[in-house]
Amino acid sequence: DAGVIQSPRHEVTEMGQEVTLRCKPISGHNSLFWYRQTMMRGLELLIYFNNNVPIDDSGMPEDRFSAKMPNASFSTLKIQPSEPRDSAVYFCASSTNLQHSDYPNTDTQYFGPGTRLTVL
Amino acid sequence: AQTVTQSQPEMSVQEAETVTLSCTYDTSESNYYLFWYKQPPSRQMILVIRQEAYKQQNATENRFSVNFQKAAKSFSLKISDSQLGDTAMYFCAFGNQGGKLIFGQGTELSVKP
């Protein structure tokens, strides 16, 4: 079975440009998570979705960041305008929500390969 | 707020030896989950092992086992018969019922031939 798919794997852009990162979760998973990894701050949860609905976006650093999940098999994380401090590895992860509630239980999260973003 | 602490930034071990990575956490919740993830140089995050807080029995997965001490809020990972392919960054993570994972800062493990 295919794991979590992310694209692109690497992205180099200039400050001020719009960046869109893409994620396809594992088929059948209904929870999706976006993380950012930097040397200074480690791994941080940015936002997560349950059944395509954003549940908690408190980790999104500022209004320049936005995320969408138009259907169960696709999500995007957009940065507009991008800044050098956004340079990081961005991970998408998915899991199965076994509870009938708005909040996912802590089933195992499976991570994609990540997108390394460099903003010059 | 929950926190996860890995006090060993770097460790090394000889091939075929045993090594233990430490992790402590802080929470006021009673139901939660703990994980160890491995991140090799490829940067792929790979689940190593998972432990439910309500289970007293320590989880094991082949050469990997944990020592879960709930009262002490400690969750260490033991790797037996270390292999070169075990060289990676290891992250301890805390998961609550809300679905969030909170990661420690990681321990970089080097397995030497």
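Since this is a predicted model, take the numbers as computed values, not measurements.

What counts, and at which threshold
Residues numbered from 1 in each chain as written. Chains lettered and ligands numbered in written order. Predicted model: local features only at pLDDT ≥ 70, side-chain atom pairs only at ≥ 80, totals over all residues. Heavy atoms only, no water. Contact = heavy atoms within 4.5 Å. Buried area = accessible area lost by both parts, 1.4 Å probe. Polar contact = N/O pair within 3.5 Å; in protein donor to acceptor, adjacent residues only side chain to side chain. Helix = DSSP H or I, 4+ residues; strand = E, 2+ residues; numbered from the N terminus. Nonpolar A, V, L, I, M, F, W, Y, C, P; charged D, E, K, R; others polar. Salt bridge = Lys/Arg side-chain N within 4 Å of Asp/Glu carboxyl O. Buried < 20%, exposed > 50% of the residue type's maximum accessible area, 1.4 Å probe, protein only. Core = buried A, V, L, I, M, F, W, Y, C linked by side-chain atoms within 4.5 Å. Phe/Tyr/Trp six-rings, centres within 6.5 Å; stacked < 30°, edge-to-face > 60°.

> Please clarify how the interface of chain B and chain A should be interpreted in this entry.
Bring the parts together and some accessible area is lost; that lost area is often taken as the interface size. Every contact between the two is made by 19 residues of chain B and, on the other side, 29 residues of chain A. Buried area between chain B and chain A, both sides added, is near 1900 Å², and the carbon and sulfur share of it is 47%. Taken together, the links from chain B to chain A amount to eight residue pairs in polar contact (both at pLDDT 80 or more). For the side of chain B that touches chain A, the elements supplying multiple residues, two or more each, are β5 (33-39), β6 (46-52), β10 (88-95) and β11 (101-103) of chain B. No other element matches the four residues that β5(B) contributes to the side of chain B that touches chain A. Residues belonging to the side of chain B that touches chain A are distributed by class as follows: eight nonpolar, eight polar and three charged.

> What's the story with the pattern of salt bridges in this structure? I'm lost.
Between side chains of opposite charge, pairing is possible as soon as their charged atoms come close. Enumeration over the complete set of coordinates arrives at 12 salt bridges over all chains. Residue Glu18(A) is joined to Lys78(A) by a salt bridge in which the shortest nitrogen-to-oxygen separation is 3.8 Å. Of the two residues, Glu18(A) sits in the loop between β2 (10-13) and β3 (19-24) while Lys78(A) sits in strand β8 (residues 74-79), which places them 60 residues apart along the sequence. For Glu18(A), a relative accessible area of 43% puts it in the partly exposed group. The partner of Lys73(B) in a salt bridge is Asp26(B), with the nearest N and O atoms 3.6 Å apart. Separated by 47 residues along the polypeptide, Lys73(B) in the loop between β8 (64-69) and β9 (74-79) and Asp26(B) in strand β4 (residues 24-26) bring together distant segments of the chain. Judged by its relative accessible area of 40%, Asp26(B) is partly exposed.

> Is there a simple way to think about the nonpolar core in this case?
Generally speaking, a soluble globular protein has its nonpolar side chains buried in company with each other. Judged by nonpolar contacts, the single largest core of 25 residues is most densely connected at Tyr25(B), Trp36(B), Phe75(B), Leu77(B) and Tyr90(B). Every element with two or more residues in this core is listed here: β3 (19-21), β5, β6, β8, β9, β10 and β12 (107-112) of chain B. Top contributing element to this core by residue count: β10(B), with four residues. Setting aside anything within four residues of it in sequence, one finds Tyr25(B) in contact with Thr3(B), Val4(B), Tyr32(B), Leu34(B), Phe68(B), Gln69(B), Lys70(B), Lys73(B), Ser74(B), Phe75(B) and Phe94(B). Core analysis: the second largest hydrophobic core is formed by 21 residues, Leu32(A), Ile47(A), Phe65(A) and Ala67(A) among them.

> Quick question: what am I supposed to make of the packing of aromatic side chains here?
Geometry of an aromatic ring pair is reported as the spacing of the ring centres plus the angle between the planes. Scanning the model with the defined rule gives 15 aromatic pairs over all chains in all. Taken together, a centroid distance of 5.3 Å and an interplanar angle of 35 degrees make the contact between Phe33(A) and Tyr48(A) tilted. Taken together, the residues span a long stretch of sequence, with Phe33(A) in strand β4 (residues 31-38) and Tyr48(A) in strand β5 (residues 42-50) at a distance of 15 residues. Using a relative accessible area of 0% as the deciding quantity, one classes Phe33(A) as buried. Measuring from centroid to centroid gives 6.3 Å for Phe91(B) and Phe103(B), while their planes differ by 90 degrees, and the two rings are edge-to-face. Pair noted here: Phe91(B) is in strand β10 and Phe103(B) is in strand β11, with a separation of 12 residues, a long-range link.

> What should I look at first to understand the environment of Gly16(A) in this one?
Residue and element names in this part refer to chain A. Among the structural elements, glycine 16 can be located in the loop between β2 and β3. Since its relative accessible area comes to 35%, glycine 16 is described here as partly exposed. In the structure, glycine 16 is positioned 25 residues away from arginine 41 in sequence and 23 Å away in space, judged by C-alpha atoms. Not counting residues within four places of it along the chain, the set of residues in contact with glycine 16 comprises Gln80, Pro81 and Ser82.

> In this structure, what is going on with the side chain of Arg50(B)? I would like to understand it.
Here Arg50(B) shows up in strand β6. There is a polar contact of 3.3 Å between the side chain of Arg50(B) and the side chain of Thr108(A). There is a polar contact of 2.9 Å between the side chain of Arg50(B) and the side chain of Glu52(B).

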